[in-house]
Amino acid sequence: MNILVIGGGGREHAIIWKLSQSKDVDTIYCIPGNGGISDIAECVAMDVDNTSDLLDFSARKHIDLVIVGPENPLAEGIVDMFEKKGVPIFGPNKRGAMIEASKIFAKELMRQYGIPTAAFRVFDRYDDAGRYLGSLTPPYVIKADGLCAGKGAYVIQDQEEGRSVLSDLMVKGIHGDAGKKIIIEEFLPGIEASYLAFTDGTSMLSLLTSQDHKPLLDGDNGPNTGGMGAYTPIPFVNEAVERDIKARIMERTIAAMREKGIVYKGVLYGGLMLQESDPYVIEFNARLGDPETQPILFKMESDLLPILMACIEGKLHRINDIKWKEGVSICVVVASKGYPDKPEKGFVINGLERLKERRDVMVFHAGTKKADGRYYTSGGRVLGVTAIGSSYEDAMKRVYEAVSMVEFDGMHYRKDIGAKALAKKV
Ligand SMILES: Nc1ncnc2c1ncn2[C@@H]1O[C@H](COP(=O)(O)OP(=O)(O)O)[C@@H](O)[C@H]1O
Ligand SMILES: [Mg+2]
């Protein structure tokens, strides 16, 4: 089979690395890809938004399967375009992707179907939102409706901040149309967890539980980022809680979509808040998470390809389970100087060769490019150094030893990815 992967981050590197081990795979192409991906796939510089070029490319290269990594092309309807041409593509169609692309759509669906989530109100007028805000006591959360690359949700700690966020979104329009309508919702304390599952619109197959680390600095301090690391599994979800997450959140959501006439195919990602044994949905994503995908796929024993095909073909019920390697998998994101505000780029990355032979370590590339046989930094999140170990301690030791072997100018990373599991607290 010839496969085309859309995207160029650590998530896509992990998907391609995993698929490259499938016996049925011939050539993998990636648009646009990155330095690490170029070692195992053919990277093609092409505008991801130009769907007709993508369709031409896939016809020319006899692509048998397209996999979409990021949310934007899904929200734009890339799946609908390829389906129309009869090319198998993994991911939800445009209506399905609304579960991520419109927080209002997602929240109203949850309200209608009794899926546990924070209480909320929707506003499309600044005056109304302002009046409502005046009646609240912080903390509360203000969210833009549309896609904002992870910058559209604000946990508000004091009223002044709340008013200024409201004005940024609804008057100044800092997120454009995505922030014209907003949600104001109840703040939920608790432990955040990611719950990802494959689905063909009817059946569901869960991945492992995982935990992302959005804040830049140790101890969850500093500004939010795209994600500074993740580990899997998490020790906070016992069997009873997982059954509850499956039944009351994931399966109910897939069924609710179906009732609305949406056959949701692909990955449904529940961003959850766990309160004791009660899970609540913070948001849904319509794709694999980055960086959660890196440790999850590193731990996956089963072949990924038949699962993706079963989702597309509506035959997921034929796959009973996913086999996993023993132990704990941790991904530490190594970022550029200046990330997340103004990442500096163009530095040589040293030390990667020494890690290539390791079976317990894999370095997934994100913002890198390759030239003259060397790797250079080319983005904010540069590498996702990932290791598997027999316990949380062991995996942390291995991953941070591996990180210490990599070097580039200005590199920085969190030193506590995995520590929450050890402490068994938030
Ligand atoms: N209702 C809530 N209660 C507590 N924290 C929240 C709530 N909603 C969002 N957050 C925090 O804000 C982060 C971003 O919110 P989210 O809805 O996931 O938006 P996005 O990922 O699209 O930026 C969450 O990961 C969580 O830490
Ligand atoms: Mg989120």
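Scroll up for the structure.
J.: Explain the environment of Leu-19 here, please?
T.: Summarising the element assignment, Leu-19 is placed in helix α1 (residues 10–19). For the pair formed by Leu-19 and Asp-303, sequence separation is 284 residues and the distance between their alpha carbons is 7.6 Å. Leu-19 has contacts with Ile-3, Val-25, Ile-28, Ile-67, Leu-304, Leu-305 and Leu-308, leaving out every residue within four places of it along the chain.

J.: Looking at this structure, I do not really get the site of ligand 1. What am I missing?
T.: Around ligand 1, the structure places 15 residues, and the nearest of them are Lys-103, Lys-143, Glu-185, Leu-188 and Glu-192. Between Lys-103 and ligand 1, the recorded distance is 2.8 Å, taken from a side-chain N or O atom to an oxygen atom. Between a nitrogen atom of ligand 1 and a main-chain N or O atom of Leu-188, the distance comes to 2.7 Å. Protein coverage of the free-state accessible area of ligand 1, which is 550 Å², stands at 84%. Of the residues belonging to the shell around ligand 1, the class tally is eight nonpolar, one polar and six charged.

J.: So what exactly am I meant to see when it comes to the sheet that holds strand β23 (residues 381–389) here?
T.: Pairing between the strands of a sheet comes from backbone hydrogen bonds, and it takes one of two forms, parallel or antiparallel. Taken together, the five strands give an open sheet; going across it, the order is β12-β15-β18-β23-β20, and neighbouring strands pair in antiparallel fashion. The open sheet has two edge strands, β12 (211–212) and β20 (361–365), and neither has a second partner. Taken together, the five bridges between β20 and β23 define a ladder with antiparallel strand orientation. Bridged to Phe-364 within β23 is Gly-384. Along the sheet, helix α13 (residues 392–404) contacts β15 (229–232), β18 (328–335), β20 and β23; its crossing angle with β23, the most-contacted strand, is approximately 140°.

J.: Mind showing me how you'd approach the pairing of strand β21 (residues 368–371) here?
T.: On any regular strand, side chains alternate: one points to one face of the sheet, the next to the other face. The sheet contact formed by β21 and strand β22 (residues 374–377) spans four bridges and is antiparallel. Opposite Ala-371, over in β22, you have Arg-374 as the bridge partner. Hairpin remark: β21 followed by β22, antiparallel, with two residues in the connecting loop; positive phi at Asp-372, about 50°.

J.: Honestly, the environment of Gly-346 in this entry has me stumped. Any pointers?
T.: Here Gly-346 shows up in the loop between β18 and β19 (348–349). Judged by its relative accessible area of 49%, Gly-346 falls in the partly exposed class. C-alpha of Gly-346 to C-alpha of Leu-133: the two residues are 213 residues apart in sequence and 45 Å apart in space.

J.: What's the story with the sheet that holds β21 in this structure? I'm lost.
T.: On the basis of which strands lie adjacent, the open sheet formed by three strands has the order β19-β22-β21 and antiparallel pairing. Looking at the sheet topology across the chains shown, the edges are occupied by β19 and β21.

J.: Can you help me understand the pairing of strand β14 (residues 221–224) in this one?
T.: Here strand β13 (residues 215–217) pairs with β14 via two bridges, running antiparallel. In the sheet register, Pro-215 faces β14, and the bridge partner there is Asn-224. If you look at the hairpin formed by β13 and β14, you'll find three residues sitting between the two strands, and Gly-219 has a positive phi there, around 70°.

J.: How do you make sense of the environment of Gln-211 when you look at a structure like this?
T.: Within the secondary structure, Gln-211 is located in strand β12. The exposure class of Gln-211 is buried, given its relative accessible area of 3%. Each C-alpha atom, one on Gln-211 and one on Ile-417, is 9.4 Å from the other, the two residues being 206 residues apart in sequence. A polar contact is formed between the side chain of Gln-211 and the backbone oxygen of Glu-192, at a distance of 2.9 Å. A polar side-chain atom of Gln-211 sits 2.6 Å from a polar atom in the side chain of Tyr-231.

Cut-offs applied
Residues numbered from 1 in each chain as written. Chains lettered and ligands numbered in written order. Predicted model: local features only at pLDDT ≥ 70, side-chain atom pairs only at ≥ 80, totals over all residues. Heavy atoms only, no water. Helix = DSSP H or I, 4+ residues; strand = E, 2+ residues; numbered from the N terminus. Contact = heavy atoms within 4.5 Å. Near = heavy atom within 4 Å. Polar contact = N/O pair within 3.5 Å; in protein donor to acceptor, adjacent residues only side chain to side chain. Areas by Shrake-Rupley, 256 points an atom, 1.4 Å probe, with all protein chains shown as cover. Nonpolar A, V, L, I, M, F, W, Y, C, P; charged D, E, K, R; others polar. Pairing = 2+ DSSP bridges. Axes fitted to C-alpha atoms, helices over the stretch in contact; angles between N-to-C directions. Buried < 20%, exposed > 50% of the residue type's maximum accessible area, 1.4 Å probe, protein only.

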